[in-house]
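These are the residues of each chain, in order.
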Amino acid sequence: MAPKNLDTLKPATIAAQAGGLLDDATGGVVPSIHPATTFVRDEDYVPAVDGNVYSRSHAPNGRMVEGVLARLEGAADAMVFPSGMAAVAAVFRTLPAGATVLVQSQIYWGTTAWIRAFCTRRDITLIEVEAADTDAFTATCTAHKPALAWIETPSNPWLRIVDIAPCAEAVHANGGLLVADMTTATPVLTPALSFGADIVMHSATKGLNGHSDVLAGALAVADASSAVWQAIRSDRDMAGAVLGPFEAWLLLRGMRTLPLRVERMSSNAQKLAEYLSDHPAVETVLYPGLPTHKGHTLACAQMKGGFGPLLSFVVKGAAPAALGAVARLKLFHRATSLGGVESLVEHRHTIEPHTGIPEGLLRLSVGIEDAGDLADDLGQALGQ
Ligand SMILES: *Cc1c(COP(=O)(O)O)cnc(C)c1O
């Protein structure tokens, strides 16, 4: 089934009004938190409201988030999970033992590490490929016919851009499904289903929530009747990877400003990328919004309204220089994660030294602060 057309309302409208949700009981313009774990049946023993029986399967606040996310993605359906990794695991757990999967190399390290261990345990053949190289990706699909292919664009922390449409075609031609981790771009910059991905995954902990105060994950699907989607839903209901009502409520609250935050984070990141490109202490800047970036032309076609909050740069002088600069930063918090309103910096080589990450690489998650203040902070830390 082809993906549904994107909603006729723009994302800013859908998000700001939480998809039009109100609190029916009071007329409040903000929906309520529903903490009940169990729901009444009527005299005929039929669930009295909306089919609700038990909150592992029927979570009103989770459903509110799912409804809004599905509209933002142009998806047929969405599901939320208690973390991004729980959403990753939900997809991979549908694979039968002995299956073959294709996973983009050098993506979010937590995903790679978990998938490697899972595939070994399940006797699943795992092939890792540089998906930003469309020819290599296509050839690998043709040779191995994976049941599932996993991409992440822009990738974290290398900022590689994957051309979703031809990758989807290559996977489909060989009978598989394409899943895209769109955490960095969010549906605001790239609604990946419209480019042919079958399922979109988000660490909602990042940009979707945007306030560094909720751990959550999400999936959105083009075809809700597919066997894989049904398997994911039934596994979530039975195995219980369910987002709690308070977290779902907070996530929905965070999502109301998503388009606004993404716009500001992207314009700030663009300014900082340009500033760092001209800085004598900086060797390279990896940001898809820069014309010098390898994936810039593709990013311009695939991303609308900006290039996201994530930006990496390599400091001249390797680890000592990079760690020295990080120590002097006053506004950027030295912390992992991304997509929050506050700017963060990470020395990735300290975290994943074995993945070939340059010693001098610093990854920024650019927040919504004043861009001039952020540039000044980088300037004093790097030495003007
Ligand atoms: C953080 C992250 C994840 C994992 O999500 P959690 O919410 O931390 O479990 C997966 N993919 C990407 C790209 C991420 O940044």
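Not measured: the values here are computed from a predicted model.

Analysis parameters
Numbers given to residues run from 1 along each chain, matching the order in which its sequence is written. pLDDT decides what is reported in this predicted model: residues at 70 or higher carry local features, side-chain atom pairs at 80 or more are listed and counted, and totals for whole chains, interfaces and linings draw on all residues regardless. Note that water and hydrogens are dropped before the side-chain values are worked out from all heavy atoms of the structure. To be near a molecule or strand, a residue needs just one of its heavy atoms within 4 Å of it. N or O atoms within 3.5 Å of each other form a polar contact, as long as, within protein, one can give a hydrogen and the other can take it, and as long as residues adjacent in sequence are counted only when both atoms are side-chain atoms. The Shrake-Rupley method, run with a 1.4 Å probe, gives the accessible areas here. Residue values count only the displayed protein chains as cover. To qualify as a helix, a DSSP run of H or I must reach at least 4 residues; to qualify as a strand, a run of E must reach at least 2; elements of each kind are numbered from the N terminus. Amino acid classes used here: Ala, Val, Leu, Ile, Met, Phe, Trp, Tyr, Cys and Pro are nonpolar; Asp, Glu, Lys and Arg are charged; the rest, including Gly, are polar. To qualify as a nonpolar core, a set must consist of buried Ala, Val, Leu, Ile, Met, Phe, Trp, Tyr and Cys residues joined through side-chain atoms within 4.5 Å. Only protein chains enter the accessibility calculation, which uses a 1.4 Å probe; a residue is then buried when its area is under 20% of its type maximum, exposed when over 50%, and partly exposed in between. Bear in mind that the domain bounds are from an automatic or database domain assignment. Contact between two residues is taken to exist if any of their heavy atoms lie within 4.5 Å; hydrogens are not considered.

A. Representation of the site of the ligand in the model. Surrounding the ligand, one finds 16 residues, the nearest of these being Met85, Asp181, Ser203, Thr205 and Lys206. Residue Asn156 places a side-chain N or O atom 3.4 Å away from an oxygen atom belonging to the ligand. Contact between the ligand and Asp181: a nitrogen atom at 2.7 Å from a side-chain N or O atom of the residue. For the ligand, whose unbound accessible area comes to 380 Å², protein coverage reaches 94%. Those elements giving two or more residues to the shell around the ligand turn out to be helix 3 (84–92) and strand 6 (199–203). Here the residues of the shell around the ligand sort into six nonpolar, seven polar and three charged.

B. Main features of the nonpolar core. Counting 79 residues, the largest nonpolar core has Phe137, Leu178, Leu276, Val285, Leu311, Phe313 and Leu364 as the members making the most contacts within it. Looking at this core element by element, the count peaks at seven residues for helix 10 (residues 258–277). Shared between two domains, this core holds at least three residues of each, these being domain 1 (9–255) and domain 2 (259–382). Setting aside residues up to four positions removed in sequence, Leu276 forms contacts with Val282, Val285, Leu311, Phe313, Leu364, Leu378 and Leu382.

C. Structural view of the environment of Leu331. Note on placement: Leu331 falls in the loop between helix 12 (318–328) and strand 10 (333–334). Measuring from C-alpha to C-alpha, the distance between Leu331 and Ala89 comes to 35 Å, with 242 residues separating the pair along the chain. With residues near it in sequence (within four places) discarded, Leu331 still touches Ser343, Asp373, Leu374 and Asp377.

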